[in-house]
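Secondary and tertiary structure notes
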Amino acid sequence: DDGDPENQRRGVLLLGNAGFGGEPVYVNLYRLYIEENSDPVVKATAIQALARHAEPDDAILIAKQLESKVAQVRVAAAKALQRIHNPRVADQLWKRLIQEEEAHAVRVEIAIALGQYPTRDAFEALCSALDDRELAVNLAAANSLRLMTGADFGLDAALWRGWADRTPNPLRPAVPYYYPTFERELGFGDYLLFWAIPTFEEPGVPAGLRDEPAPPPPAAAPSAAG
């Protein structure tokens, strides 16, 4: 329905979450809406749908949306890039993270996405984010630093940088990167509808990393206390 953005949004949402939503004809539709649809809500929904069925090269298309004037689109793009691994977008992510004028909701999602790119540039950007005024940004950055190093120095950027400067090859994935998913505790009302108890998507390995071998188990992680 080209004349009704709400119908487009609902249709794309239903397709993206359907078992057959990864068929090429639908994936190409998501790409088309990302590139050409002028409604930001439809565009954000198409980004979400494409991320569920993406190939690594789709990260390039989605990363362009980090420049959108609409924060909702930028948030959707940053969250989508958690599900797709492509080193060609790593620089766009860390450069966006250190832009102080960027909305903190976008920077939180970018900090999470950067956990899959153990480079010194990403490391430095995440250290800078530890000094952000928003605690959510700080916590997301610290978690990504732990993922890419196996160390833990909390929210102290100076300790992180000092350790990296004196440690040979400090940047190594400590554990496989899994994109986060939404989950909540089920309540009494959920169990009343026993025929339709909600189920939640499990965290997963991003497209582009699924065929890579898992890293070896890390050594004991150094910490601020030790």
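Structure: see above.
Attention here is on the structure that accompanies the text. Being a predicted model, the structure only gives us computed values, none of them experimental.

As for its position among the elements, isoleucine 34 is in helix H2 (residues 24-36). Taking the C-alpha atoms as reference, isoleucine 34 lies 9.7 Å from valine 73; in sequence the two are 39 residues apart. Discounting chain neighbours no more than four positions away, the residues touching isoleucine 34 are Lys43, Ala46, Ile47, Leu50, Leu61 and Gln65.

By size, the foremost hydrophobic cluster in this structure holds 58 residues, and its most contacted members are Leu93 and Leu114. Of the residues forming this core, the biggest block, 7 residues, is contributed by helix H3 (residues 40-52). Residues within four places of leucine 114 in sequence aside, it is in contact with Ala90, Leu93, Trp94, Leu97, Ala122, Leu126, Ser144 and Met148.

This next bit is on empty space enclosed by the protein. Within this structure, the stated rule accounts for 1 cavity of 30 Å³ or more. Its volume calculated, the largest cavity comes out at about 30 Å³. Elements supplying a minimum of two residues to the lining of the largest cavity: helix H1 (5-17) and H3. By residue class, the composition of the lining of the largest cavity is 3 nonpolar, 4 polar and 1 charged.

Moving on to H2. Compared with an ideal rise of 1.5 Å per residue, which puts 13 residues at 18 Å, H2 spans 18 Å between its outermost C-alpha atoms and is within 8% of the ideal. Within H2, burial applies to Val27, Tyr30, Arg31, Tyr33 and Ile34. Buried positions in H2, seen along its axis, are confined to an arc of 160° and lie on one side of it. Exposed and facing more than 90 degrees away from the buried side of H2 are Pro24, Val25, Glu35 and Glu36. Looking at the packing, one finds that the buried side of H2 touches H1, H3 and helix H4 (58-63).

Locating serine 68 in the fold gives a position in the loop between H4 and helix H5 (71-80). The exposure class assigned to serine 68 is buried, which follows from its relative accessible area of 18%. Each C-alpha atom, one on serine 68 and one on proline 40, is 9.1 Å from the other, the two residues being 28 residues apart in sequence. In this view, serine 68 contacts Val73 and Arg74; residues no more than four positions away in its chain are not counted. Reaching out from serine 68, the side chain makes a polar contact with the backbone nitrogen of valine 70 at a distance of 3.0 Å.

Calculation criteria
- Residues numbered from 1 in each chain as written.
- Predicted model: local features only at pLDDT ≥ 70, side-chain atom pairs only at ≥ 80, totals over all residues.
- Heavy atoms only, no water.
- Helix = DSSP H or I, 4+ residues; strand = E, 2+ residues; numbered from the N terminus.
- Contact = heavy atoms within 4.5 Å.
- Core = buried A, V, L, I, M, F, W, Y, C linked by side-chain atoms within 4.5 Å.
- Buried < 20%, exposed > 50% of the residue type's maximum accessible area, 1.4 Å probe, protein only.
- 1 Å grid on protein atoms, 1.4 Å probe; cavity = no way out; pocket = protein on both sides within 12 Å on 5 of 7 lines; lining within 4 Å.
- Points joined across faces, edges and corners; volume = space filled by probe spheres on them.
- Nonpolar A, V, L, I, M, F, W, Y, C, P; charged D, E, K, R; others polar.
- Expected span 1.5 Å × (residues − 1).
- Arc of directions from axis to C-beta.
- Polar contact = N/O pair within 3.5 Å; in protein donor to acceptor, adjacent residues only side chain to side chain.

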